[in-house]
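A look at the structure
Residue-level listing of the chains:
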Amino acid sequence: MARRGGDRWCRDGCRMTSIGEAWRLARQRIDRLDARRLLEHVAGCSHADLLAYPEKLLSALQTTRLDELVRRRAGGEPLAYLVGSAGFYGREFKITADVLIPRPETELLVELALERLQHMPEPVVADLGTGSGVLAVSLKCHSPQARVVAVDLSPAALAVARRNARLHDAAVRFIEGDWYGPLVGERFDLIVANPPYVAAADPHLENGGLPFEPRMALTDGVRGGDGLDCIRVIVGGAMRHLLPGGWLLIEHGYDQAVAVRHLLRRAGLGGAASWPDLSGIERVSGASLVTGGD
Ligand code: GLN
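These lines cover the structure that appears in this document, whether it is placed above or below. Since the model is a prediction, treat every value here as computed from it, not as a measurement.

1. Notes on the pairing of strand 10 (residues 242-251)
Among the 10 residues in strand 10, 7 count as buried, and that is most of the element. Of the strand pairs in this sheet, strand 10 and strand 12 (residues 282-288) are connected by 5 bridges, and their pairing is antiparallel. Bridge pairing links tryptophan 247 to serine 288 in strand 12.

See the structure below:
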């Protein structure tokens, strides 16, 4: 490598950028933390490395790659898709644009599920619309005594979910299908779902990173839905698919708790309740197949 003035040049004349310089340039275009994550991703190093070796040079390929990712991030593409992973309930999951990016509020669903599973010796669990598999895999990892089956309509999503199960050594059975479609005759101690619940007309679908996420994971809008279409199907099948004492837990929209509790009661389930997420919004509702009495 030859040096011309303060700049460094590779043999065929392209300018080489140091990590420190690349970081500075990226920070001018996107959020600081995002710039750091993209640089770590492209350079394959840790935050400590970035601080310790700012003079280290990026290859021409790494520079081009970083530039492209910064441009996409500046255009609103979510970071998880750019780096190909996201954290959920203490684990890192592979994420592609075929699946919804896991949200922190969905961790509430895991906590509520685990509270119930810990009292069950060998529970059978279904995760409907598993997407990246975060629910099924997290439940299997924290509750190894459970037999977990995960269903999704999208073969591409199932491929991501299978990768995540392998990554975390979670023996989950994955099946392609529509909600209870492939589970005829099967009953569960616990059914969890984070279905598409954003109403078709919700302007929020056009905001932030949502336009980059799979529509079928976000909204029932393909059928002109009010956001409750999939929840109706899931609640509607619960009586046929819960074991006595079994629980159904569903994540839903910020304003759907009352409607979901109503659906749960109308379906004949007992103890319908909702739980608030960390922002204080009722985000998960559930009920169980009550037994005994008459
Ligand atoms: N919570 C997500 C959002 O509003 C939607 C997730 C879903 O539809 N399951 O951004």
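2. Points about the sheet that holds strand 10
Pairing is mixed in the open sheet, where 7 strands are placed in the order 8-7-6-9-10-12-11. Both edges of this open sheet fall to strand 8 (172-176) and strand 11 (270-276), since each of them pairs with a single strand only. Neighbouring strand axes in the sheet, compared pairwise and without regard to direction, differ in orientation by 15 degrees on average. The pairing of strand 6 (residues 124-128) with strand 9 (residues 188-193) spans 4 bridges and is parallel.

3. Thoughts on a positive patch on the surface
There is a patch of like positive charges on the surface, built from Lys94, Arg162, Arg163 and Arg166. Take the positive patch: its biggest share by element is 3 residues, from helix 8 (residues 155-167). Relative to the elements of secondary structure, lysine 94 occurs in strand 5 (residues 91-94).

4. Some thoughts on the packing of aromatic side chains
Within this structure, the stated rule accounts for 2 aromatic pairs. Taking the centre distance of 6.3 Å and the plane angle of 70 degrees together, the rings of phenylalanine 88 and phenylalanine 93 count as edge-to-face. The exposure class of phenylalanine 93 is buried, given its relative accessible area of 0%. It is arginine 27 that lies over the ring of tryptophan 23; its NZ or CZ is 5.1 Å from the centre. Geometry around tryptophan 247 places arginine 116 over its ring, the cationic atom sitting 4.2 Å from the centre.

5. A closer look at the layout of surface pockets
Taken as a whole, the largest pocket holds about 480 Å³ of empty space. For the largest pocket, the lining is made up of 33 residues, of which Gly129, Asp152, Pro196, Met216 and Ala217 are closest to its centre. For the lining of the largest pocket, the elements supplying multiple residues, two or more each, are helix 7 (134-142), strand 7 (147-152) and helix 9 (215-218). The class makeup of the residues in the lining of the largest pocket is 17 nonpolar, 9 polar and 7 charged. Considered as a void within the structure, the second largest pocket measures approximately 320 Å³ in volume. Across the lining of the second largest pocket, the residue classes tally to 10 nonpolar, 4 polar and 7 charged.

6. Observations regarding the pattern of salt bridges
Under the definition given, this model contains 15 salt bridges. The salt bridge partner of aspartate 67 is arginine 29, with a shortest N-O separation of 3.2 Å. Note that aspartate 67 is positioned in helix 4 (residues 60-74) and arginine 29 in helix 1 (residues 19-29), a separation of 38 residues in sequence. Judged by relative accessible area, aspartate 67 falls into the partly exposed class, the value being 45%. Beyond isolated ion pairs, a larger network of salt bridges with shared partners links Glu68, Arg71, Arg72 and Glu77.

Reading the values: the criteria
- Residues numbered from 1 in each chain as written.
- Predicted model: local features only at pLDDT ≥ 70, side-chain atom pairs only at ≥ 80, totals over all residues.
- Heavy atoms only, no water.
- Buried < 20%, exposed > 50% of the residue type's maximum accessible area, 1.4 Å probe, protein only.
- Helix = DSSP H or I, 4+ residues; strand = E, 2+ residues; numbered from the N terminus.
- Pairing = 2+ DSSP bridges.
- Axes fitted to C-alpha atoms, helices over the stretch in contact; angles between N-to-C directions.
- Patch = residues over 30% accessible without salt bridge, like charges linked within 9 Å, V, L, I, M, F, W, Y side chains within 5 Å.
- Areas by Shrake-Rupley, 256 points an atom, 1.4 Å probe, with all protein chains shown as cover.
- Salt bridge = Lys/Arg side-chain N within 4 Å of Asp/Glu carboxyl O.
- Lys, Arg positive; Asp, Glu negative; His and termini not counted.
- Charge placed at Lys NZ, Arg CZ, Asp CG, Glu CD.
- Phe/Tyr/Trp six-rings, centres within 6.5 Å; stacked < 30°, edge-to-face > 60°.
- Lys NZ or Arg CZ within 6 Å of the ring centre and 35° of its normal.
- 1 Å grid on protein atoms, 1.4 Å probe; cavity = no way out; pocket = protein on both sides within 12 Å on 5 of 7 lines; lining within 4 Å.
- Points joined across faces, edges and corners; volume = space filled by probe spheres on them.
- Nonpolar A, V, L, I, M, F, W, Y, C, P; charged D, E, K, R; others polar.

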